[in-house]
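# Remarks on the overall topology
One-letter residues, chain by chain:
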Amino acid sequence: MDAPVLKSNKKRGALMEVLFRLKKSPLAMFGFFFIIFLAFTAIFADVLAPHPYQRQNLSHAFETPSKQFLLGTDEFGRDILSRLIYGARVSLQVGFIAVGIALFAGGMLGAAAGYYGGWADNAIMRVMDVMLSIPQTLLAIAIAAALGPGLFNLMIAVGISAVPNYARIVRGSVLSLREMEFIEAARAVGSSDLRIITKHIIPNSMAPIIVQSTLGVASAILNAAGLSFIGLGIQPPYPEWGAMLSGGRQYIRDYPHLTLYPGLAIMLTILALNFLGDGLRDALDPKLKR
Amino acid sequence: MIRYIVRRILFLIPVLAGVAFCVFTLLYLTPGDPAKMVLGEMATERAIQEFREREGLDKPFLMQFANYVYKAVTRGDIGRSYVTKRPVMDEILAAFPATLKLAAFAIVIAIIIGLPCGILSAIKQYSIFDTAAMIFAMIGLSMPVFWLGLLLILLFSVHLRWLPPSGFDTFQAMILPSLALSAQSISMITRMTRSSMLEVIRADYIRTARSKGQKESVVIWRHALHNALIPVVTLCGLQFGQLLSGAILTESIFAIPGVGRLMVDSIKARDYPVVQGGVLFVAVAFSLVNLLVDLLYAYIDPRIKAQYK
Amino acid sequence: MNDLLEIKDLTIHYVTDGGTVRAVENLNLRLGHGETLGFVGETGAGKTTTALGIMRLIPSPPGVVKSGRIIFDGEDLLTKSEAEMRAIRGGKIAMIFQDPMTSLNPVMTVDKQIAEMIRLHRDVDKAESLKLAGDMLELVGIKRERMHDYPHQFSGGMKQRVVIAIALACDPGLLIADEPTTALDVTIQAQVLELMKKLKQQFGASMILITHDLGIVADICDKVAIMYAGRVVEYADKRALYANPTHPYTIGLFNSVPDLDEDRESLNVIPGLMPDPMDLPAGCAFHPRCAYATSVCSESKPEMMEAAPGHFVACPIRGRERK
């Protein structure tokens with residue numbers, strides 16, 4: 001069969017196989033290690049940051065990189081490096097939790113639509129059509145505007161705006177899997193719907209979901225930074241990369257380092273996730289299996 | 001074909017009604033009293049009461065929604081701005097040309113750069129050019145538009161002093177925003193053109209064309225490109241739709257008076273009718289662009305055209 | 001007698017990261033004027049690679065023509081420039097591909113696809129070439145009024161007729177048909193084969209028919225070449241080969257064809273599998289599956305020998321038995 005069937009007793013083998021093929025792509029490995037590094041930074045921010053992120057020192061404002069402040073200071077004399085390290089926390093949280101929300105809601109809706117078909121499918125997918133007819137960035141902005149600023153609201157706004165993407169993918173895989181013989185076999189031996197969905201359909205539609213989620217974390221972080229940039233995300237003084245960029249913007253003529261470093265942090269993170277997602281797509285492609 | 005178009009347009013109506021409902025509900029749930037927003041905090045209780053009756057704000061939720069849709073459809077009236085007190089539709093229509101111009105410029109740049117890069121990458125697969133193009137495309141995809149915009153301003157306006165950092169009146173002023181906005185689309189078009197070309201180049205009919213004794217350049221241009229472009233055209237259309245809305249951040253960086261900046265300003269000022277109208281307007285524009293793309297798709301792919309006859 | 005096509009010692013490899021695929025090894029073949037050669041072998045034996053080699057259309061990379069000569073009409077095709085080759089492709093040697101579903105450009109009407117061939121090799125203007133395209137369609141049994149249709153509007157058999165019309169449009173001396181009926185329904189297969197047989201005669205072309213169907217070979221070929229793991233193992237007149245299959249592989253092929261007159265429980269299949277073309281056995285590539293094999297077979301590559309006049313076989317053991 002063409003479908004990459006991951007049986008539970010073979011799971012480790014399949015996982016190793018994917019990792020093995022992922023290793024062949026240096027760009028994907030760069031992405032993988034950068035994300036690990038970033039996660040490490042975010043978790044141990046309290047230890048790693050040389051200064052508290054909120055400590056202002058106006059006598060040190062606008063300092064360029066030095067031994068004391070490795071990446072310089074911002075308009076309030078706060079250490080940019082420390083703020084970037086704490087910012088990683090926000091960005092990764094927003095990225096992963098927003099995708100988690102989108103994946104959970106979209107996955108459930110898509111699985112239900114694909115599995116039950118007919119009326120349920122129609123109703124769910126028409127609602128998804130409505131959401132898809134608003135461009136994703138705009139949808140996130142509209143939701144964020146209604147909910148108001150804040151970390152939690154930001155995650156919800158970014159997450160909900162991505163729901164249709166996952167609903168579509170999961171529905172597609174479910175539809176193609178539904179008619180397969182091993183599903184019929186499971187049904188024949190009396191497995192319940194929920195059991196069939198969770199034990200058979202979801203594991204077998206993992207590959208496209210993993211890829212989409214990886215790329216989804218990238219676009220969630222990007223969207224969140226964009227929302228913060230226009231003032232709809234995290235509120236000061238908590239450091240968020242998009243907000244830092246936005247704050248440094250007015251000083252760009254004289255102190256470009258205020259905007260350069262946060263932007264670079266965003267870009268490298270997105271780049272790493274995109275490389276990883278692309279590499280995963282190739283590694284998980286059953287067509288390439290030899 | 002005409003029946004197909006009509007069917008597609010009819011199909012749009014429930015979707016847009018859904019959009020309107022969502023947007024209206026979002027606004028309804030947003031904290032803040034519209035009457036106070038319009039009349040100011042100092043308004044008398046009587047004035048507020050009168051306003052609520054006049055605007056139908058005392059009616060139940062669904063009645064208000066029906067009223068909103070009725071006025072939108074019959075008179076194009078989607079409310080008044082809390083801030084300027086002008087009709088929202090006027091505000092949006094005044095801002096839309098700038099957005100449209102920006103998106104059009106950006107998509108043209110994206111096609112001019114992305115298409116040749118994608119084709120060349122595919123023809124010279126695994127060459128240095130291909131590798132470089134793919135890495136640049138990935139960087140372009142990962143570049144936040146607001147950061148790229150700032151970098152462009154820093155380089156071309158602050159350091160080199162070649163181009164103005166803001167505004168949208170002159171051709172020079174349009175270059176930086178269009179470039180910043182097009183980066184993502186360039187990358188996507190390059191990647192899509194490449195993968196589509198690679199798939200087509202391996203197709204049997206390309207071998208047939210070669211077996212006729214056709215020149216390689218003609219094989220690529222006449223046989224491969226036409227087939228490879230079919231999915232790319234769709235992508236370009238979708239990208240154009242995205243650019244219409246993606247312009248929000250670009251417009252706010254370059255101070256371009258378009259729909260995006262209007263919306264950002266309105267969000268900051270809690271001018272919700274404008275936000276609501278803006279979302280609705282962009283959704284309509286986006287859906288219409290997508291419809292046009294589907295029609296264009298049918299036009300360039302005879303297999304699809306046959307289905308709609 | 002001068003042959004139309006003579007292939008000498010042709011070796012074609014595909015060089016990949018995973019290893020070198022020896023698709024064609026020291027292949028020798030001859031084809032006379034007006035003859036039809038059946039080119040028989042399992043999938044992966046190198047038949048299509050040989051055909052593409054003659055057309056000089058081996059995808060490169062990874063394909064590399066290592067050695068050999070392909071003499072067509074007295075001239076070696078492997079020394080031709082790309083421009084000279086373009087005049088030969090379609091003009092003198094035309095090819096019919098396996099899958100008619102994918103062999104036609106989906107966004108071009110069929111008359112234009114035929115006319116493209118005509119304009120490349122004949123000095124006619126556009127209108128004339130389209131008219132000739134219509135003639136060709138009628139010749140292969142498709143109504144003229146359908147000439148402006150797109151490929152998807154035709155059935156599989158009709159598409160293959162269009163492909164045949166393209167191939168014959170410029171009256172080529174040699175027609176290479178790569179499993180032209182494999183992708184078609186059985187009833188359609190017969191019609192298309194009949195058409196090819198008729199047109200081949202009408203145009204006086206020679207033909208190489210690649211197939212794995214010995215029935216088709218019996219029906220329309222004059223000569224037969226049996227290919228195994230990149231080499232021709234037996235080459236003879238059709239009658240001689242069918243009467244006296246000599247190479248053990250050929251014998252195995254014939255035995256695996258079900259015989260309706262005999263009442264048997266199961267088919268005689270050749271034991272074992274085709275060898276991995278990246279890792280061919282030493283000596284004769286067939287020896288691990290061969291019932292006649294001796295120690296010699298694993299030591300040296302068998303040379304072609306003439307077991308009977310005009311009947312060549314690459315097996316020292318069976319060859320000597322016949323003599």
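Criteria and cut-off values
Residues numbered from 1 in each chain as written. Chains lettered and ligands numbered in written order. Predicted model: local features only at pLDDT ≥ 70, side-chain atom pairs only at ≥ 80, totals over all residues. Helix = DSSP H or I, 4+ residues; strand = E, 2+ residues; numbered from the N terminus. Rg over C-alpha atoms; globule rule 2.2 N^0.38 Å. Buried ≥ 20, exposed ≤ 12 C-beta atoms within 10 Å, placed from the backbone. Contact = placed C-beta atoms within 7 Å. Domains from an automatic or database assignment. Core = buried A, V, L, I, M, F, W, Y, C linked by C-beta atoms within 7 Å. Nonpolar A, V, L, I, M, F, W, Y, C, P; charged D, E, K, R; others polar. Pairing = 2+ DSSP bridges. Axes fitted to C-alpha atoms, helices over the stretch in contact; angles between N-to-C directions. Expected span 1.5 Å × (residues − 1). Parallel < 35°, antiparallel > 145°, perpendicular 65-115°, else oblique. Left-handed = near helix turned anticlockwise from the far one by under 90°.

### Considerations on the overall build of chain C
Helix and strand counts for chain C stand at 11 helices and 12 strands. Whereas a compact globule of 323 residues would reach a radius of gyration of roughly 20 Å, chain C reaches 21 Å, a difference of no more than 12%. Overall, chain C is about 65 × 50 × 45 Å in size when its C-alpha atoms are taken along their principal axes. Counting only residues that meet the buried cut, chain C has 46% of its 323 residues in that class. A separation threshold of at least 6 residues defines the contact pool for chain C, and within that pool the share at least 24 residues apart is 64%.

### Re the domain arrangement of chain C
All names here are of chain C. Each domain of chain C was delimited in the assignment, giving domain 1 (5-243) and domain 2 (281-323). Distance between the C-alpha centres of domain 1 and domain 2: 30 Å. Domain 1 puts 10 residues into the contact, and the matching count from domain 2 is 10 residues. A per-element tally of the side of domain 1 that touches domain 2 places strand S10 (residues 231-237) first, with 6 residues.

### Remarks on helix H9 (residues 204-211) of chain B
H9(B) sits mainly inside the fold: 7 of its 8 residues count as buried. Of all the positions in H9(B), only B:Tyr205, B:Ile206, B:Arg207, B:Thr208, B:Ala209, B:Arg210 and B:Ser211 are classed as buried.

### Brief notes about the nonpolar core
Counting 261 residues, the largest nonpolar core has A:Ala142, A:Val158, B:Ile189, C:Ile114 and C:Ala165 as the members making the most contacts within it. Looking at this core, the element that brings in the most residues is helix H4 (residues 80-116) of chain A, giving 17 residues. Ignoring any residue separated from it by four or fewer positions in sequence, one finds C:Ile114 in contact with C:Ala133, C:Met136, C:Ala165, C:Ile166 and C:Ala169.

### Concerning the interface of chain C and chain B
By a widely used convention, the size of an interface equals the accessible area lost when the partners come together. Contact residues are listed per partner, giving 24 residues for chain C and 19 residues for chain B. Those elements giving two or more residues to the side of chain C that touches chain B turn out to be helix H2 (82-88), helix H3 (100-103) and helix H4 (110-121) of chain C. If you tally residues by element for the side of chain C that touches chain B, the top one is H4(C), at 4 residues. Across the side of chain C that touches chain B, the residue classes tally to 12 nonpolar, 8 polar and 4 charged.

### With respect to the sheet that holds strand S2 (residues 19-31) of chain C
Residues and elements named next belong to chain C. Within the open sheet, the 4 strands sit side by side as S2-S1-S4-S5. Their pairing is antiparallel. The open sheet has two edge strands, S2 and strand S5 (75-76), and neither has a second partner. Across the face of the sheet, helix H1 (residues 47-55) comes into contact with strand S1 (5-16), S2 and strand S4 (63-72) while running at roughly 70° to S2.

### Quick word on helix H6 (residues 136-147) of chain A
All names here are of chain A. Along its 12 residues, H6 runs 16 Å from first to last C-alpha, staying within 8% of the 16 Å computed at 1.5 Å per residue. Within H6, 10 of the 12 residues are buried, which leaves the element mostly enclosed by the surrounding structure. All of the buried residues in H6 are Thr137, Leu138, Leu139, Ala140, Ile141, Ala142, Ile143, Ala144, Ala145 and Ala146. After H6 finishes, the residue Gly148 shows a positive phi value of roughly 90°.

### So, the packing of helix H6 (residues 128-142) of chain B against helix H8 (residues 171-201) of chain B
Residue and element names in this part refer to chain B. The interhelical angle for the contact between H6 and H8, taken along N-to-C directions, is 140°, at an axis separation of 8 Å. With respect to H8, the element H6 is oriented oblique. The way H6 lies across H8 gives a crossing that is left-handed. For the pair formed by H6 and H8, the contact residues are Ala133, Ala137, Gly140 and Leu141 on the first element and Ala183, Gln184, Ile186, Ser187, Met188, Thr190 and Arg191 on the second. Its residues assigned to classes, the contact of H6 with H8 shows 6 nonpolar, 4 polar and 1 charged.

### Some thoughts on the interface of chain B and chain A
Between chain B and chain A, the residue contacts involve 37 residues of the former and 33 residues of the latter. Every element with two or more residues in the side of chain B that touches chain A is listed here: helix H1 (2-29), H6, helix H7 (145-159), helix H10 (216-254), helix H11 (259-268) and helix H12 (272-300) of chain B. Class assignment for the residues of the side of chain B that touches chain A results in 27 nonpolar, 9 polar and 1 charged.

### Quick look at the arrangement of the chains
Among the 2 pairs of chains that make contact, the interface with the largest number of contacts is formed by chains A and B. At their nearest point, the C-alpha atoms of chain A and chain C are still 11 Å apart, with no contact between the two.

### Digging into the pairing of S1(C)
All names here are of chain C. Relative to S2, S1 is paired through 9 bridges, and the arrangement is antiparallel. Directly across from Leu5, in S2, lies its bridge partner Leu31. Taken together, S1 and the strand that follows it, S2, pair antiparallel across an intervening segment of 2 residues. Relative to S4, S1 runs antiparallel, the two being bridged by 8 bridges. Its bridge partner being in S4, Ile12 is matched across the sheet by Val65.

### Things to note about the domain arrangement of chain B
One can read the domain layout of chain B as domain 1 (32-77) and domain 2 (92-305). For domain 1 of chain B and domain 2 of chain B, the distance between their C-alpha centres works out to 40 Å.

### Some details on the environment of A:Tyr53
You can see A:Tyr53 is positioned in the loop between helix H3 (45-48) and H4. Linking A:Tyr53 and A:Ser82, residues 29 residues apart in sequence, is a C-alpha distance of 5.5 Å.

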